[in-house]
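The primary structure of each chain is shown beneath.
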Amino acid sequence: MGFLDGLWRGRDTDFDSGSAASNAIELTKRHRQVSLTKQGAATGNLRINLTWRMRTGDLGGPQRESLLRHPLKALKPPEIIGHTQSMVNVDLDLGCLYELEDGSKGVVQPLGGYFGDVNAAPYVKLSGDDRFGSASGETIYVNLDHREAIKRLLVFAYIYDQTPAFDRTQAMVTLYPSNGPRIEIGLDERHPQARSCAVVMIENVKGELFVRREVKFVYGFQAELDRLYGWGLQWGRGYKTKA
């Protein structure tokens with residue numbers, strides 16, 4: 001087999017794999033989709049987790065002047081820390097638009113207290129609302145033992161009522177199937193004014209369950225994501241209770 005043959009065969013894969021140590025599949029622009037059914041992971045609870053972090057260099061301040069006074073700092077990588085309310089005024093939320101095979105549609109999200117249900121329709125449940133970027137982040141559970149009732153799920157993230165900062169957060173959505181490697185989707189594209197992002201679509205296609213990377217940023221909120229994907233729901237302004 002020649003060198004070019006090796007390059008050609010490399011195109012046959014459906015996804016980018018991480019190292020054996022990381023046990024992860026990374027969905028990218030080139031390799032957007034993976035089948036949960038083919039890897040034997042279309043049963044049990046699928047856990048979907050959103051975490052975000054910020055670099056201290058993104059928080060403002062006289063960084064350039066500091067480097068001039070202390071040039072050795074340029075050799076050190078920027079410290080990555082979880083943000084807190086006192087440091088960064090940003091609150092990322094995780095949500096999910098659902099469409100079931102019986103035609104029912106809706107949303108699971110912190111706004112309005114639509115936390116869903118994992119043992120009854122829509123078989124999607126949000127565990128809670130993380131407002132300060134804790135290590136555990138926000139988590140949605142999908143009961144894939146009822147996968148035959150699910151037509152499609154659009155998992156999205158949005159910034160609640162604060163300054164857009166997707167381009168400065170190190171947001172990551174990770175899917176943990178019941179079997180096989182986790183699936184990672186990084187929200188690392190630069191869209192400074194975006195307030196919402198359609199992250200991943202989970203779709204039942206003729207009995208096979210696919211996970212497809214979307215990563216489409218929009219400048220509005222859920223109503224704009226709805227129009228983009230043709231969900232057809234009615235939207236109003238929602239608010240959270242004070243923390």
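Scroll up to find the structure.
Here's what I pulled together on the structure shown here. For clarity, every value in this text was computed on a predicted model and none was experimentally measured. (Residues numbered from 1 in each chain as written. Predicted model: local features only at pLDDT ≥ 70, side-chain atom pairs only at ≥ 80, totals over all residues. Heavy atoms only, no water.)

**Observations regarding the sheet that holds strand 16 (residues 208-218)**
Link 1 in the chain: Judged by pairing direction, the sheet is antiparallel, and its six strands sit side by side in the order 3-16-15-12-7-8 without closing on themselves. Each having just a single partner strand, strand 3 (33-35) and strand 8 (105-108) make up the two edges of the open sheet. Averaged over all adjacent pairs, the angle separating strand axes in this sheet is 20°, with direction ignored.
Link 2 in the chain: Lying on the sheet, helix 3 (residues 222-229) is in contact with strand 12 (150-159), strand 15 (196-205) and strand 16; it crosses strand 16 at an angle near 125°. (Pairing = 2+ DSSP bridges. Helix = DSSP H or I, 4+ residues; strand = E, 2+ residues; numbered from the N terminus. Axes fitted to C-alpha atoms, helices over the stretch in contact; angles between N-to-C directions. Contact = heavy atoms within 4.5 Å.)

**A closer look at the packing of aromatic side chains**
The description of an aromatic ring pair rests on the distance of the ring centres and on the angle between the ring planes.
Link 1 in the chain: Tallied over the entire structure, the rule returns one aromatic pair.
Link 2 in the chain: Of note, Arg47 hangs over the ring of Tyr176, and the distance from its end group to the ring centre comes to 4.0 Å.
Link 3 in the chain: Lying across the ring of Trp231, Arg152 places its NZ or CZ 3.7 Å from the centre. (Phe/Tyr/Trp six-rings, centres within 6.5 Å; stacked < 30°, edge-to-face > 60°. Lys NZ or Arg CZ within 6 Å of the ring centre and 35° of its normal.)

**A word on the nonpolar core**
Link 1 in the chain: One finds Leu175 and Leu187 to be the most contacted residues of the largest nonpolar core, which totals 42 residues.
Link 2 in the chain: Ignoring anything within four residues of it in the chain, the contact list for Leu175 reads Leu46, Arg47, Ile48, Arg182, Ile183, Ile185, Val200, Ile202 and Val211. (Core = buried A, V, L, I, M, F, W, Y, C linked by side-chain atoms within 4.5 Å. Buried < 20%, exposed > 50% of the residue type's maximum accessible area, 1.4 Å probe, protein only.)

**Digging into the pairing of strand 7 (residues 92-100)**
Link 1 in the chain: Counting buried positions over the nine residues of strand 7 gives nine, a clear majority of the element.
Link 2 in the chain: The two faces of strand 7 match: Leu92, Leu94, Cys96, Tyr98 and Leu100 on one face and Asp93, Gly95, Leu97 and Glu99 on the other face are all buried.
Link 3 in the chain: Strand direction decides the pairing type here: strand 7 and strand 8, joined by four bridges, are antiparallel. Bridged to Tyr98 within strand 8 is Gly106.
Link 4 in the chain: Hairpin connection of strand 7 to strand 8: four residues between the antiparallel strands, including Gly103 at a positive phi of 95°.

**Section: the pairing of strand 16**
Link 1 in the chain: The buried count for strand 16 comes to nine of 11 residues, which makes it a mostly enclosed element.
Link 2 in the chain: By the bridge criterion, three bridges tie strand 3 to strand 16 in an arrangement that is antiparallel. Bridged to Val34 within strand 16 is Val211.
Link 3 in the chain: Sheet topology places strand 15 next to strand 16; nine bridges connect them, and they run antiparallel. What sits directly across from Met201, in strand 16, is Arg212.
Link 4 in the chain: Hairpin remark: strand 15 followed by strand 16, antiparallel, with two residues in the connecting loop; positive phi at Lys206, about 55°.

**Section: the pattern of salt bridges**
Link 1 in the chain: The tally for this structure, following the rule as stated, stands at nine salt bridges.
Link 2 in the chain: The shortest N-O distance in the salt bridge between Arg213 and Glu189 comes to 3.3 Å. Taken together, the residues span a long stretch of sequence, with Arg213 in strand 16 and Glu189 in the loop between strand 14 (182-186) and strand 15 at a distance of 24 residues. Comparing Arg213 with Glu189, the two get one shared label, buried.
Link 3 in the chain: The salt bridge partner of Arg212 is Glu203, with a shortest N-O separation of 3.2 Å.
Link 4 in the chain: By relative accessible area, which is 21% here, Arg212 ends up partly exposed. (Salt bridge = Lys/Arg side-chain N within 4 Å of Asp/Glu carboxyl O.)

**Remarks on the side chain of Ser196**
Link 1 in the chain: The residue Ser196 is located in strand 15 in this model.
Link 2 in the chain: The class of Ser196 is buried, set by a relative accessible area of 1%.
Link 3 in the chain: Engagement of the side chain of Ser196 in a polar contact is seen with the backbone oxygen of Gly220, the distance being 2.7 Å. (Polar contact = N/O pair within 3.5 Å; in protein donor to acceptor, adjacent residues only side chain to side chain.)

**Overview of the environment of Gly113**
Link 1 in the chain: You can see Gly113 is positioned in the loop between strand 8 and strand 9 (116-117).
Link 2 in the chain: Residue classification places Gly113 among the partly exposed residues on the basis of a relative accessible area of 43%.
Link 3 in the chain: For Gly113 and Leu126, which are 13 residues apart along the polypeptide, the C-alpha to C-alpha distance reads 9.7 Å.

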